[in-house]
Amino acid sequence: MKKFLILVLAVITALTAVSCGKISDSEALAEYKALYEKAQAVNGIVYGNGLMHGYGGDVSELTAPHYVAVSEDCPYKSLEDIEKAVLDVYTEDYYNDVLKAVLFDGIEDKYATVYPRYKVQDGALMTDVTYDAFESITGARNDLDAAYVIRSSSGTVEIGAPRYLNGVKQASDKKTTMIMTENGWRFDNLA
């Protein structure tokens, strides 16, 4: 029995060493590019134009917040659908520490009040149509072909990429951290 336990521990140790091994730069960049494309859609939901809705009035005449139902053909039908899309790209810690407040909880402190972007009312998913999209997010794009690994260790990779805002190259590159989670690689900051 003792030999069997030693053998099992040896196998577990070997598998752990292999699974926690450092990812190659080419593998890291491939993971980054795949996640980045998903992140663009998610960032649009969080900080950009948001989900489709049918409001046709003049938004400038509204006071914040003004919630309307998302369009029936919107692929997201619930807060859980949005949360799942976010967690397919970002770590749970980043979601809980940053994105959840913007999306669903809102933020209130002595300097400002930020209303939740989305809520459910009478069973319908609603979006705040007075939300101002952040141009620095919606007009920004990383140059994926010029992306590079800054540093890599077991389970964490930092990637750099030239950043363009509305077609203009920015002075500094965008740095993004990827972390290996139980569900695969996820970004741990805004991509």
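Residues numbered from 1 in each chain as written. Predicted model: local features only at pLDDT ≥ 70, side-chain atom pairs only at ≥ 80, totals over all residues. Heavy atoms only, no water.

Here we take up the pattern of salt bridges. Should the charged atoms of two oppositely charged side chains come close, the side chains can pair. Tallying each qualifying case throughout the model produces 3 salt bridges. Note that Asp88 is salt-bridged to Lys84, the shortest N-O span being 3.1 Å. For Asp88, a relative accessible area of 28% translates into the label partly exposed. Accessibility expressed as a relative area gives 54% for Lys84, which makes it exposed. Here Glu158 and Arg151 are joined by a salt bridge, their closest N and O atoms 2.6 Å apart. (Salt bridge = Lys/Arg side-chain N within 4 Å of Asp/Glu carboxyl O. Buried < 20%, exposed > 50% of the residue type's maximum accessible area, 1.4 Å probe, protein only.)

This part is about the nonpolar core. As a rule of thumb, soluble globular proteins bury nonpolar side chains together. Core analysis: the largest hydrophobic core is formed by 40 residues, its most contacted members being Ile82, Tyr90 and Phe187. Of all elements in the fold, only helix H2 (25-46), helix H3 (79-87), helix H4 (92-105), strand S8 (156-161) and strand S12 (184-187) reach the threshold of two or more residues within this core. It is H2 that provides the largest number of residues to this core, a total of 9 residues. Setting aside anything within four residues of it in sequence, one finds Tyr90 in contact with Ala39, Val42, Asn43, Leu99, Arg186, Phe187, Asn189, Leu190 and Ala191. (Core = buried A, V, L, I, M, F, W, Y, C linked by side-chain atoms within 4.5 Å. Helix = DSSP H or I, 4+ residues; strand = E, 2+ residues; numbered from the N terminus. Contact = heavy atoms within 4.5 Å.)

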